[in-house]
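Letter by letter, the chains look like this.
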Amino acid sequence: MSAPLLSLDHVTKRYVRGRHEIVALDDVSLEITPGEFVAVFGSHASGKTTLLRVAAGIERADEGRVLFASNDLTEWASSARRRGLHPRIGWLRRSGPFLPSMEMLDYVALPLLSTVSEPAEALRRATRALAQAQAEDLTRATWDELSDAERTYVMLAQAVVCEPALLLADDPTRGLGAGDRERMLARLRALADAGMAVLMTVPDVPDMLRAHRVMTLSDGELLVATAQQRRGDVIDFPRRRGGLA
Amino acid sequence: MSVKHAVLGLVIERPGYGYELYQRLNQRVEGHEISERAVYPALSSLARSGWIQQSLRDGHAHRQRVWYESTPDGVDEFRGWMGRPSDEVASLRSDLRWKLALASVEDLPDLIEQTRAQERACVDRIEALTREPQPEPPRADDFDWRPIAQLLVRRSDVAHLQTQIEVLQAVRREMKATVRRHASRTARSR
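Residues numbered from 1 in each chain as written. Chains lettered and ligands numbered in written order. Predicted model: local features only at pLDDT ≥ 70, side-chain atom pairs only at ≥ 80, totals over all residues. Heavy atoms only, no water.

Break down the packing of helix α6 (residues 148–160) of chain A against helix α7 (residues 178–193) of chain A for me, with residues and values.
Residue and element names in this part refer to chain A. The N-to-C vectors of α6 and α7 enclose an angle of 15°; their axes lie 10 Å apart at closest approach. Relative to α7, the element α6 is oriented roughly parallel. Considering how the two elements wind past one another, α6 and α7 form a crossing that is right-handed. Taking contact as the criterion, the partners of Ala149, Thr152, Tyr153, Leu156 and Val160 in α6 are, on α7, Asp180, Arg183, Met184, Arg187, Leu188 and Leu191. Along the lines of polarity and charge, the residues of the contact of α6 with α7 split into 7 nonpolar, 1 polar and 3 charged. (Axes fitted to C-alpha atoms, helices over the stretch in contact; angles between N-to-C directions. Helix = DSSP H or I, 4+ residues; strand = E, 2+ residues; numbered from the N terminus. Parallel < 35°, antiparallel > 145°, perpendicular 65-115°, else oblique. Left-handed = near helix turned anticlockwise from the far one by under 90°. Contact = heavy atoms within 4.5 Å. Nonpolar A, V, L, I, M, F, W, Y, C, P; charged D, E, K, R; others polar.)

Can you break down the sheet that holds strand β5 (residues 71–72) of chain A residue by residue, with the values?
Residue and element names in this part refer to chain A. Across the sheet, which stays open at both edges, the 4 strands sit in the order β2-β1-β4-β5 with antiparallel pairing between neighbours. Every interior strand has two partners, whereas the edge strands, β2 (20–32) and β5, have only one. In this sheet, β2 lies alongside strand β1 (residues 6–17) in antiparallel orientation, the contact comprising 9 bridges. Pairing of Tyr15 across the sheet is with Ile22, part of β2. (Pairing = 2+ DSSP bridges.)

Requested: an account of helix α1 (residues 3–13) of chain B, with residues and values cited.
Residue and element names in this part refer to chain B. A large share of α1 lies buried, amounting to 8 of its 11 residues. All of the buried residues in α1 are Val3, His5, Ala6, Val7, Leu8, Gly9, Leu10 and Val11. Elements in contact with the buried residues of α1: α2 (18–28), α3 (36–48), β2 (52–58), β3 (64–70), α4 (72–83) and α5 (95–102). (Buried < 20%, exposed > 50% of the residue type's maximum accessible area, 1.4 Å probe, protein only.)

Would you mind going over the side chain of A:Glu221 in detail, with residue names and values included?
With respect to the helices, strands and loops of the structure, A:Glu221 is situated in strand β10 (residues 221–224). Given a relative accessible area of 8%, A:Glu221 falls into the buried group. For A:Glu221, the contacting residues outside a window of four places in its chain are A:Asp26, A:Thr216, B:Arg116, B:Arg172 and B:Lys176.

Quick one: what's the story with the pairing of β2(B), residue by residue and with numbers?
All names here are of chain B. Two elements, β2 and β3, share 7 bridges in a ladder whose sense is antiparallel. Bridged to Gln53 within β3 is Glu69. Between β2 and β3, which follow one another and run antiparallel, lie 5 residues, and Ala61 among them has a positive phi close to 50°.

Lay out the interface of chain A and chain B with the relevant residues and their values.
Taken together, the 32 residues of chain A in the interface contact 29 residues of chain B. Together, A:Arg183, A:Leu209 and A:Leu223 form the three largest contributors to the area buried by chain A at its contact with chain B, with a combined 23%. Counting across the chain A and chain B interface gives 6 salt bridges. Among the salt bridges present, the one from B:Arg155 reaches A:Glu182, with a minimum N-O distance of 2.7 Å. Those elements that place two or more of their residues in the side of chain A that touches chain B are α7, β9 (213–218), β10 and α8 (226–236) of chain A. It is α7(A) that provides the largest number of residues to the side of chain A that touches chain B, a total of 6 residues. (Buried area = accessible area lost by both parts, 1.4 Å probe. Salt bridge = Lys/Arg side-chain N within 4 Å of Asp/Glu carboxyl O.)

Please set out the pairing of β10(A) residue by residue, giving values where relevant.
Residue and element names in this part refer to chain A. Residues of β10 alternate between two faces, with Glu221 and Leu223 on one and Leu222 and Val224 on the opposite face, all of them buried. Pairing of β9 with β10 involves 4 bridges; the strand directions are antiparallel. Bridge pairing in β10 places Met215 opposite Val224. Taken together, β9 and the strand that follows it, β10, pair antiparallel across an intervening segment of 2 residues, in which Asp219 is found at a positive phi of about 55°.

I'd like a description of the packing of aromatic side chains, backed by residues and values.
Following the criterion strictly, the structure yields 4 aromatic pairs over all chains and no others. Ring plane angle 80° and centroid distance 6.2 Å describe the contact between A:Tyr107 and A:Trp143, whose orientation is recorded as edge-to-face. Pair noted here: A:Tyr107 is in helix α4 (residues 104–109) and A:Trp143 is in the loop between α5 (119–132) and α6, with a separation of 36 residues, a long-range link. Of the two residues examined, A:Tyr107 and A:Trp143, each falls in the buried class. With 5.6 Å between their ring centres and 40° between their planes, B:Phe78 and B:Trp81 make a pair best called tilted. Of this pair, B:Phe78 and B:Trp81 both sit in helix α4, separated by 3 residues, roughly a single helical turn. Each of the two residues, B:Phe78 as well as B:Trp81, counts as buried. Here the guanidinium or amino end of A:Arg187 rests over the ring plane of A:Tyr153, the centre of that ring lying 3.7 Å away. (Phe/Tyr/Trp six-rings, centres within 6.5 Å; stacked < 30°, edge-to-face > 60°. Lys NZ or Arg CZ within 6 Å of the ring centre and 35° of its normal.)

Below you can see the structure in the form of structure tokens.
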């Protein structure tokens, strides 16, 4: 198994709301390797969004450590307001362009403004990102002309335009019907098959079937499959063959 | 099957006659009708195991009726059952359901662990399904019904697991909250 790209090691995150303390993540440990598609199921207020924000380095963990490509994201999060997202992490957003007349190719290229100085190069990369999201036919469309599903594909293209190693998608199928959901999930799976690590949260179990690994989150507590637990055990405690019992 | 242990739990809570235990059992687990025919064999079996003892007492109109009381062995057995993990793929209708109905605050930490084990079993099932080949998503401009139908069937296959996971999560959340409240009250009263 390859080395983890992202690892959360005993991460706890609390919020204080008035007199109440809310534990959004409760001793969560998780590892994702490149090319893995991991789906986390949780109902409302289970801690899903916090999990992704901590994994993105936008939110600082109170306890534990978050490592991304050997960088300590716990430290990154302290200055995330100034630095923004780590350049190798993509975040699936949902909002349309500020200018309604903007064409989707330009909109997808927007995140490249600060890093790519050559406009032609930016547009070339945006075209490639739209192709990765299987949305090449939407290049010249404006936001108002798109269906909900098409908007999601465009946002997917924008999330991957900087060629991230890790894509974070919080409830990427929200508002879509069964057919559109499957089309969106198949696109995420295709990105993983091409080598990107994808961490996604969903409020519906049937949305997890195209993932490699599934987990559940409730009350900030992450539960993984027994096999994954065992895999951890085997690494920690190599079984002895023969010899003394 | 845990009707036996449910009946044992009720006898431990308060000794009684057979018919009365039958009524109490059905009050405790509403919407899950248990027939009288299941309760009497359970009582006999519990008595044979030495977990309850029976004696004759005068009932109405000087009729003698059988009175059931728990034994120390019975109390041990009941606590053991409460702490034993349920069959992992069992649905909430069986073991865990009875345990929830008959648990006291002291049993909750064990039951919290059991809801985790059951939820993990659900995750195992979903993960096994992810390893099966997935149907191609239908094209947006496709008029064929079959790919959509195949997909909907696949989605409905796992929908019941979501219900089960949601129930386990809700139950665990309430149990954890109860344990916390209980702990802080115990700490205050010291």
